[in-house]
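Spelled out from the first residue to the last, the chains are:
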Amino acid sequence: MSVYQHSIAGAAKGWRKRLAPWLFLAPGLLFFAAYVVIPIFRSIWISFYEWDGLSAATWIGFANYRELLGDDAFYTSLYNNILWLVLYLLAVPVGLGVALFLNQTVTGIRLYKSLFFFPFVISQVVVGLIFTWFYAPNFGLFSKLIEDITGQQIAILGDERFVTFGIIAAGLWPQIAYCMILYLTGLNNINPEQVEAARMDGAKGWSMLWNIVIPQLRPATFIAVVVTVIGALRSFDLVSIMTDGGPYGSSRVLSFYMYEEALSEYGYRMGYGAAIAVVLFAIMMIFITFFIFRMLRQERNT
């Protein structure tokens, strides 16, 4: 083989090596573009129209966004989403605590792991129904406990003061289980040499956890926080199942309000629903971008 032919063969081989990963990624990238990227830009475009989904769309510019600024239902939904976000993040430290408890060698630990893992594998619909019965006046266990303590029953899902907290508590049950699984995986990958060296230096308890264990759990923490933030901001199913946005719209969140305006029998305002979706997407991207940059900065510092 001549030098020229050898160089051509080498160049072709190098080209195949560079092309191979993209060929494997192509189907996933195609589906991601078709079902994620394009719909995002399509939703942004629709938000500038007045459209019922069937007749011709009418361009109205930023009118949908201006209407949002004076919409009390939008502010209620936004407030509830912020409440979801703040309280839902409790799943991360609680999940870590449960994982630390389950990462022990004690009698019956497999049974405990199964019990804590159970909420993660059941449907959100089932979770919503379970907690609806749990809160139900007259026969719900929680209602009975409140009655025994205070002497009166409280309809959690029928009271504007407590309904959002009750739904968030239902959502935290499976979310804690998810965070627990992430942290259990992370704990299995901790460097035992660092732990042993810290023990020889006298580290134990909180000092060991804060300085040795938690820094090595950063990847798991990042995933847990991002997934929890996304879950809090797109909370829809539990609200729909447990209260349908009630009472009097007090438990609405942005995703449910978007559905009401765009797709329910009371709405068919696709443009207005798309504007709500764009606001929700912007909030989600702000939080996720913040966590990504923070993690990258920490990685560079270490």
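Heads up: these notes are all about the structure in this document. (Residues numbered from 1 in each chain as written. Predicted model: local features only at pLDDT ≥ 70, side-chain atom pairs only at ≥ 80, totals over all residues. Heavy atoms only, no water.)

1. So, the overall build of the protein
(1) Moving on: Of regular secondary structure, the protein possesses 14 helices and two strands.
(2) Moving on: In summary, the protein has a C-alpha radius of gyration of 25 Å against a globular reference of 19 Å for 302 residues, an excess of more than 25%.
(3) Moving on: Expressed as lengths along the three principal axes of its C-alpha atoms, the size of the protein is roughly 85 × 65 × 30 Å.
(4) Moving on: Across the 302 residues that make up the protein, the buried fraction comes to 37%.
(5) Moving on: Taking all contacts inside the protein whose residues are at least 6 apart in sequence as the whole, residues at least 24 apart take part in 66%.
(6) Moving on: Looking at the protein as shown, the accessible area adds up to about 18500 Å², and 67% of this sits on carbon and sulfur atoms. (Helix = DSSP H or I, 4+ residues; strand = E, 2+ residues; numbered from the N terminus. Rg over C-alpha atoms; globule rule 2.2 N^0.38 Å. Buried < 20%, exposed > 50% of the residue type's maximum accessible area, 1.4 Å probe, protein only. Contact = heavy atoms within 4.5 Å. Areas by Shrake-Rupley, 256 points an atom, 1.4 Å probe, with all protein chains shown as cover.)

2. A few points about a nonpolar patch on the surface
(1) Moving on: Side chains of Phe31, Phe32, Tyr35, Val36, Val37, Ile38 and Phe41 sit close together on the surface and give an oily, nonpolar patch of about 740 Å² of accessible area.
(2) Moving on: For Phe32, the position within the fold is in helix H1 (residues 3–46). (Patch = residues over 30% accessible without salt bridge, like charges linked within 9 Å, V, L, I, M, F, W, Y side chains within 5 Å. Salt bridge = Lys/Arg side-chain N within 4 Å of Asp/Glu carboxyl O.)

3. Observations concerning the nonpolar core
(1) Moving on: With 65 residues, the main nonpolar core has Trp84, Ile167 and Met242 as its most contacted residues.
(2) Moving on: The dominant element in this core, judged by the number of residues it contributes, is helix H8 (residues 163–188), at 11 residues.
(3) Moving on: When neighbours within four sequence positions are excluded, Met242 is seen to be in contact with Gly128, Phe131, Thr132, Tyr135, Leu157, Gly166, Ile167 and Ala170. (Core = buried A, V, L, I, M, F, W, Y, C linked by side-chain atoms within 4.5 Å.)

4. Side note on helix H10 (residues 205–216)
(1) Moving on: Its 12 residues give H10 an end-to-end C-alpha distance of 16 Å, which sits within 8% of 16 Å, the value for a rise of 1.5 Å per residue.
(2) Moving on: Regarding H10, the residues found buried are Met208, Leu209, Ile212 and Val213. Down the axis of H10, the sector holding all buried residues measures 130°, keeping them to one side.
(3) Moving on: Each element contacted by the buried residues of H10 is listed here: helix H4 (91–102), H8 and helix H9 (192–200). (Expected span 1.5 Å × (residues − 1). Arc of directions from axis to C-beta.)

5. Comments concerning helix H13 (residues 254–262)
Three- or four-residue spacings in an α-helix give side chains the same orientation, since the helix completes a turn every 3.6 residues.
(1) Moving on: Among the nine residues of H13, seven are classified as buried, and the element is accordingly described as predominantly covered.
(2) Moving on: Within H13 the residues assigned to the buried category are Leu254, Ser255, Phe256, Tyr257, Glu260, Glu261 and Ala262.
(3) Moving on: Looking at the buried positions of H13, the neighbouring elements they touch are helix H3 (72–88), helix H12 (237–242) and helix H14 (270–301).

6. Details of the pattern of salt bridges
(1) Moving on: In total, this model carries five salt bridges according to the counting rule given.
(2) Moving on: Between Arg269 and Glu261 there is a salt bridge, with the nearest N and O atoms lying 3.9 Å from each other.
(3) Moving on: Looking at Arg269, the relative accessible area reads 22%, which means it is partly exposed.
(4) Moving on: Residue Glu261 is classed as buried on the basis of its relative accessible area, which comes to 15%.

7. Comments concerning the environment of Ile122
(1) Moving on: Counting through the fold element by element, Ile122 comes out in the loop between helix H5 (109–121) and helix H6 (124–135).
(2) Moving on: Its relative accessible area of 18% is what places Ile122 among the buried residues.

8. Quick look at unusual backbone geometry
(1) Moving on: Going from Gly246 to Pro247, the amide bond is cis rather than trans, its omega being -5°.
(2) Moving on: Mapped onto the elements, Pro247 comes out in the loop between H12 and H13.
(3) Moving on: A positive phi is found at Asn138, a non-glycine position, where the angle reads about 80°.
(4) Moving on: With respect to the element layout, Asn138 can be found in the loop between H6 and helix H7 (141–150).
(5) Moving on: Taking the relative accessible area as the measure of exposure, Asn138 reaches 55% and is therefore exposed.
(6) Moving on: Unlike most non-glycine residues, Tyr248 shows phi in positive territory, near 55°.
(7) Moving on: For Tyr248, the position within the fold is in the loop between H12 and H13.

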